[in-house]
Amino acid sequence: MAALKMLIISSFLLFAILGVESSVPVLLWGSESLSSLPIPLAGHSVSSNAFQKNYLEKLTPCQNCDKKNLVVFVQDKLSVEDFTHYGHVFEDTEEGGIFHNVKSYMGSHPSLTLSSVHLPADSINQLQKKFETVREVHLPRDDVSSVKPAGSNNLLVVHLPDTHGSGRVENNLKGNDGHISRILKRYSEAGVPYTAMYTARESSKMSTNGAVFAQGRHLLAAKNETGTVVGVKDCMLLYYKKASITLIPAGTKNTESVTTQLVGKPDSSKSECSNTSTANNIMVLTWANQGQNVSDITISMAFNSTKSGYWLITKMLLSYTSQNGSLSGIEMNGKEIFAWKGYSYHCTKVPKIMQNKRSNDTSRAHLVFEGFQIQPIALKKNKFGYANDCIGFFTIPIWSGLVTMLLLIGILSFGMYMMVMINTQDRFDDPKGKTITVTADDSK
């Protein structure tokens with residue numbers, strides 16, 4: 001019986017996952033009224049058959065209705081989260097973010113939004129037989145200027161460039177928004193009525209197949225991660241999103257510090273390493289031509305593996321050239337960076353890496369890394385192992401929750417104890433027996 005229940009639950013979860021991955025939003029607007037199209041219930045997903053029957057068939061030409069032109073924009077991936085994340089939909093003062101043109105068309109024309117439709121692109125492919133003229137445009141291979149709206153009963157299918165293939169998703173979505181505007185502008189200039197549809201072939205939500213579950217906390221397994229990756233001879237690997245150095249001139253206060261962002265991929269040719277679990281590796285990173293404040297920066301990190309099964313930084317040296325001169329061999333405190341052998345160290349924002357020795361007679365410096373991950377020992381297949389995160393298992397919010405919970409449990413336990421200790425009356429006045437009397441002296 002228990003096995004049957006587990007089978008039913010697993011099947012339900014599988015269908016739910018597949019349904020989420022195959023459902024994408026569909027946006028409709030046009031120069032003509034869309035009042036004949038039903039408005040779906042909030043949170044309701046439209047099936048392929050319902051989308052075909054209730055929406056697409058009403059947008060196709062018929063004998064006793066006006067001639068229609070349908071323009072369909074299809075891209076590789078899209079989801080409601082893309083609009084909420086990049087479109088600033090919760091801010092009335094915004095103009096749609098990167099979906100500026102789409103929001104403008106939706107606001108100035110009759111429009112309808114279907115937040116979840118099952119495989120709408122497959123249903124659109126069946127429309128070609130119902131239009132007199134069908135044309136497909138593949139961007140950017142085809143030129144937008146080749147689109148010449150004319151006549152009626154025309155179907156134009158525009159295959160927009162992929163958004164999740166290369167480059168930043170935000171920039172790709174913004175580019176597609178521009179393509180939509182340029183094509184529809186040609187229809188408006190020609191005075192041709194149209195109905196536009198914007199959708200995708202699949203959802204842009206993160207896939208939930210087994211491959212992603214197996215990634216665990218491998219930072220670089222995410223396709224859309226942007227940052228700098230430094231690999232050294234297939235035995236050391238470093239990743240960071242941002243890095244900066246802050247210099248405080250000698251004899252000055254912290255308010256007079258100068259911060260320089262480290263740009264470009266550092267040179268690691270002077271690094272030394274071997275891909276063994278007991279190796280003592282050295283990673284040397286050099287950033288050249290970083291600007292007027294700091295021109296050249298070199299960070300040297302020496303790693304060692306301990307008998308207890310850890311790797312850690314035994315020495316971290318900083319050298320730089322600035323307007324005030326050059327300093328080398330500055331010992332930095334990187335002892336917080338460590339992990340077990342075969343594991344990587346990860347921290348969303350590494351605490352400031354300060355100098356070990358400071359004085360007012362010399363300049364001071366500290367380093368800051370964001371989105372930082374490193375594995376200098378026991379690297380396998382040039383990929384990060386599971387991460388030892390700088391945020392421990394018990395953070396301040398967790399401790400606050402535990403202390404609050406223990407306090408409430410203590411108060412509840414004390415109240416329950418006091419209720420249990422209440423005793424009922426064990427002596428009662430019997431009307432058939434002798435009356436209980438209490439003598440009182442009124443002489444006073």
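Note that the structure is predicted; figures quoted are calculated from it, not measured. (Residues numbered from 1 in each chain as written. Predicted model: local features only at pLDDT ≥ 70, side-chain atom pairs only at ≥ 80, totals over all residues. Heavy atoms only, no water.)

### Observations regarding the overall build of the protein chain
And then number 1: When its secondary structure is counted, the protein chain shows 8 helices and 18 strands.
And then number 2: Within the span of the protein chain, comprising 444 residues, buried residues form 37% of the whole.
And then number 3: Partitioning the intrachain contacts of the protein chain with sequence separation of at least 6 by distance along the chain shows that 65% fall at a separation of at least 24.
And then number 4: Looking at the protein chain as shown, the accessible area adds up to about 27100 Å², and 56% of this sits on carbon and sulfur atoms. (Helix = DSSP H or I, 4+ residues; strand = E, 2+ residues; numbered from the N terminus. Buried < 20%, exposed > 50% of the residue type's maximum accessible area, 1.4 Å probe, protein only. Contact = heavy atoms within 4.5 Å. Areas by Shrake-Rupley, 256 points an atom, 1.4 Å probe, with all protein chains shown as cover.)

### Overview of helix H2 (residues 48-59)
Helical geometry note: an α-helix holds 3.6 residues per turn, so side chains three or four residues apart project in the same direction.
And then number 1: Helix length check: H2 (12 residues) gives 15 Å between terminal C-alpha atoms against 16 Å at 1.5 Å per residue, within 8%.
And then number 2: Buried within H2 are the following residues: Ser48, Phe51, Gln52, Tyr55, Leu56 and Leu59. Taken around the axis of H2, the buried residues stretch over an arc of 130°, which confines them to a single face. Away from the buried face of H2 by more than 90 degrees, exposed residues Asn49 and Lys53 are located.
And then number 3: Looking at the buried side of H2, the elements it contacts are strand E1 (23-30), strand E2 (69-77), strand E3 (111-118), helix H5 (120-124) and strand E6 (195-202). (Expected span 1.5 Å × (residues − 1). Arc of directions from axis to C-beta.)

### Here's the deal with a nonpolar patch on the surface
And then number 1: Residues Leu412, Met416, Met419 and Ile422 make up a contiguous nonpolar surface patch of about 470 Å² in total accessible area.
And then number 2: Mapped onto the secondary structure, Leu412 falls in helix H8 (residues 396-420).
And then number 3: With a relative accessible area of 56%, Leu412 lands in the exposed category. (Patch = residues over 30% accessible without salt bridge, like charges linked within 9 Å, V, L, I, M, F, W, Y side chains within 5 Å. Salt bridge = Lys/Arg side-chain N within 4 Å of Asp/Glu carboxyl O.)

### Quick word on the side chain of His179
And then number 1: Mapped onto the elements of the fold, His179 is located in helix H6 (residues 169-190).
And then number 2: Overall, His179 belongs to the buried group, its relative accessible area being 17%.
And then number 3: In contact with His179, not counting residues within four places along its chain, are Leu139, Val144, Leu160 and Pro161.

### Some remarks on the nonpolar core
And then number 1: Core analysis: the biggest nonpolar cluster contains 39 residues, and Leu318 and Ile374 have the highest contact counts within it.
And then number 2: With sequence-adjacent residues up to four places away left out, Ile374 is seen in contact with Leu237, Leu238, Met283, Met301, Phe303, Trp311, Ile337, Ser344, Tyr345 and Phe384. (Core = buried A, V, L, I, M, F, W, Y, C linked by side-chain atoms within 4.5 Å.)

### A look at the sheet that holds E1
And then number 1: Strands sit in the order E3-E1-E6-E2-E5-E4 across an open sheet of 6 strands; the sheet is mixed. Bordering the open sheet on either side are E3 and strand E4 (133-138), each of which pairs with just one other strand. The mean angle between the axes of side-by-side strands here comes to 20°, regardless of whether they run parallel or antiparallel.
And then number 2: Two strands pair when backbone bridges link them, and E4 and strand E5 (residues 154-159) are joined in this way by 6 bridges, in the parallel orientation. Bridge pairing links Glu136 to Val157 in E5. (Pairing = 2+ DSSP bridges. Axes fitted to C-alpha atoms, helices over the stretch in contact; angles between N-to-C directions.)

### Thoughts on unusual backbone geometry
And then number 1: In this structure, the amide linkage connecting Leu139 to the following residue, Pro140, adopts the cis form with an omega of 5°.
And then number 2: Inspection of the secondary structure puts Pro140 in the loop between E4 and E5.
And then number 3: With phi around 50°, Leu119 is a residue other than glycine that occupies positive phi space.
And then number 4: Note on placement: Leu119 falls in the loop between E3 and H5.

### Structural notes on the pattern of salt bridges
And then number 1: Taken as a whole and judged by the stated rule, the model has 4 salt bridges.
And then number 2: In this structure, Arg141 engages Asp142 in a salt bridge whose closest nitrogen and oxygen atoms are separated by 3.8 Å.
And then number 3: Judged by relative accessible area, Arg141 falls into the exposed class, the value being 65%.
And then number 4: Judged by its relative accessible area of 23%, Asp142 falls in the partly exposed class.

### As for the state of the cysteines
And then number 1: Taken as a whole and assessed by the stated rule, the structure comprises 2 disulfides.
And then number 2: Two residues share a disulfide in this structure: Cys235 and Cys273, whose sulfurs sit 1.7 Å from each other. Separated by 38 residues along the polypeptide, Cys235 in the loop between strand E7 (228-232) and strand E8 (236-240) and Cys273 in the loop between strand E10 (258-261) and strand E11 (282-287) bring together distant segments of the chain.
And then number 3: Overall, the relative accessible area of 2% leaves Cys235 in the buried class. (Disulfide = S-S within 2.5 Å.)

### Side note on the confidence of the model for the protein chain
And then number 1: Summary statistics for the protein chain give a mean pLDDT of 78 and a share of 79% for residues scoring 70 or more.
And then number 2: Mean pLDDT across the elements of the protein chain ranges from a minimum in helix H7 (residues 210-213), with 36, to a maximum in H8, with 93.
And then number 3: Here residues 1-20 is modelled with pLDDT under 50, and outside its nearest four sequence neighbours on either side it reaches 3 contacts, counting other chains as well.
And then number 4: Low pLDDT (under 50) marks residues 207-217, which in the prediction has 14 contacts with non-local residues, meaning those over four places away or in another chain. (pLDDT = per-residue confidence, 0-100.)

### A look at the packing of aromatic side chains
And then number 1: Scanning all chains against the criterion turns up 13 aromatic pairs.
And then number 2: Ring plane angle 85° and centroid distance 6.5 Å describe the contact between Phe83 and Tyr198, whose orientation is recorded as edge-to-face. With Phe83 in helix H3 (residues 80-86) and Tyr198 in strand E6, this residue pair connects regions lying 115 residues apart in the sequence. (Phe/Tyr/Trp six-rings, centres within 6.5 Å; stacked < 30°, edge-to-face > 60°.)

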